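Coordinate analysis (summary)
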Amino acid sequence: MRLIIIAAAVLALSGCGEKNIAEEINKTSQNVINSIEKKASEAGEISQKAEEAMNSIAQTTLEAKQTVEKTLQEAADTSRDILQKANETLSNISAKADKITNESANTIEAVKQKADDAAKVITAPLTNADKGKKLFMTCMPCHGAKAEKSAVNKSQIINKWSKEQILNALKGYKDGTYGGAFKAQMIPTAKRLSDADMEELSAYIVNLGKQ
Ligand code: HEC
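Residues numbered from 1 in each chain as written. Predicted model: local features only at pLDDT ≥ 70, side-chain atom pairs only at ≥ 80, totals over all residues.

Turning our attention to the overall build of the protein. Looking only at helices and strands, the protein features six helices and zero strands. Against the 2.2 N^0.38 benchmark of 17 Å for 211 residues, the protein shows a C-alpha radius of gyration of 66 Å, more extended than a compact globule. With the C-alpha coordinates of the protein rotated into their principal frame, the extents come out at 205 × 30 × 30 Å. Sorting the 211 residues of the protein into buried and exposed places 9% on the buried side. (Helix = DSSP H or I, 4+ residues; strand = E, 2+ residues; numbered from the N terminus. Rg over C-alpha atoms; globule rule 2.2 N^0.38 Å. Buried ≥ 20, exposed ≤ 12 C-beta atoms within 10 Å, placed from the backbone.)

This is the structure we're talking about:
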């Protein structure tokens, strides 16, 4: 009797245990499946988000590329414009510089020419006419620029005279053999003149009368 009870209890226990284990396995499997499904769905969401992110990055990259290309194109255009303007300005400047250089060269040449001419005049030996002109400057205040006046209204108009007459009068004032009432005004002047001076003066005064 005691044995039967024990056996029945064992059976009952073991029967009950088998049922429990099967349920437990079922339950655990279901949990695992649920968990896997959940993870799979999460993975799906993640992959979806990843794809969205990739698309968004691709879009942004494309836009960035387009912006860069546009900017580069604009920069290239601007550079070309600037280069073009710079070239124009440069050629303008160089044309102007050429012009200025040419003009300066011409001016320098002209100045040099004038300086040369002046130097020639300065270094050229005085011709007799030049000497006569220079000497006559001291006579001008009384006899007029062209010897066309009567000196202090007392002398004759000497540019109407011959060369010999002028020469003789000058020599006469110098050595005291010629002169009128106002010869005192001529003597100091005549005494400063050499024979050559008188020659040149007479020739020059005669010439003034012919102009
Ligand atoms: C300060 C004024 C003065 C100056 C300067 C002067 N003369 Fe006279 N000259 C006279 C007067 C005045 C006479 C008239 C003198 C006389 O009565 O003989 C005269 C007379 C003459 C005559 C003779 C003309 C005549 O009427 O008999 C000659 C030629 C002449 N002068 C030449 C010259 C020359 C050349 C110079 C310069 C180198 C000169 N004179 C400078 C005042 C001047």
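On to the site of the ligand. Taken together, the neighbourhood of the ligand is formed by 23 residues, with Cys139, Cys142, Ser155, Gly180 and Phe182 sitting nearest. Put simply, the parts of the chain that give the shell around the ligand at least two residues each are α3 (140-143) and α4 (163-175). (Near = placed C-beta within 6 Å.)

Right, let's talk about the packing of helix α2 (residues 128-136) against helix α6 (residues 195-210) for a bit. Packed helix pairs are specified by the crossing angle of their axes together with the interaxial distance, meaning the distance between the axes. The interhelical angle for the contact between α2 and α6, taken along N-to-C directions, is 90 degrees, at an axis separation of 8 Å. Judged by the inter-axis angle, α2 sits roughly perpendicular to α6. Counted together, Asn128, Ala129, Lys131, Gly132, Lys133, Leu135 and Phe136 of α2 and Asp197, Glu200, Leu201, Ala203, Tyr204 and Ile205 of α6 form the full contact between these two elements. For the contact of α2 with α6, the residue count by class is seven nonpolar, two polar and four charged. (Axes fitted to C-alpha atoms, helices over the stretch in contact; angles between N-to-C directions. Parallel < 35°, antiparallel > 145°, perpendicular 65-115°, else oblique. Contact = placed C-beta atoms within 7 Å. Nonpolar A, V, L, I, M, F, W, Y, C, P; charged D, E, K, R; others polar.)

For the rest of this paragraph, the subject is the nonpolar core. One finds Ile166, Leu170, Tyr173, Leu201 and Ile205 to be the most contacted residues of the largest nonpolar core, which totals 13 residues. Of all the secondary structure elements, the ones that give two or more residues to this core are α4 and α6. The element that contributes the greatest number of residues to this core is α6, accounting for five residues. (Core = buried A, V, L, I, M, F, W, Y, C linked by C-beta atoms within 7 Å.)

Here the focus is the confidence of the model for the protein. Scored by pLDDT, the protein has a mean of 88; 91% of the residues are at 70 or more. Ranking the elements of the protein by mean pLDDT puts helix α1 (residues 2-123) last, at 83, and α4 first, at 98. (pLDDT = per-residue confidence, 0-100.)

On to α6. Residues separated by three or four positions in an α-helix point in the same direction, a consequence of the helix having 3.6 residues per turn. Taking 1.5 Å of rise per residue, 16 residues should cover 22 Å, and α6 covers 23 Å from first to last C-alpha, within 8% of that figure. Every buried residue belonging to α6 is among Met198, Glu200, Leu201, Ser202, Tyr204, Ile205 and Val206, and all of these are buried. On its buried face, α6 is in contact with α2 and α4. (Expected span 1.5 Å × (residues − 1).)

Okay, unusual backbone geometry next. The backbone of alanine 147 shows a phi angle near 55 degrees, a positive value even though the residue is not glycine. With respect to the element layout, alanine 147 can be found in the loop between α3 and α4. We classify alanine 147 as buried; it has 25 C-beta atoms within 10 Å. Not every positive phi belongs to a glycine, and valine 152 is a case in point at roughly 40 degrees. Secondary-structure assignment places valine 152 in the loop between α3 and α4.

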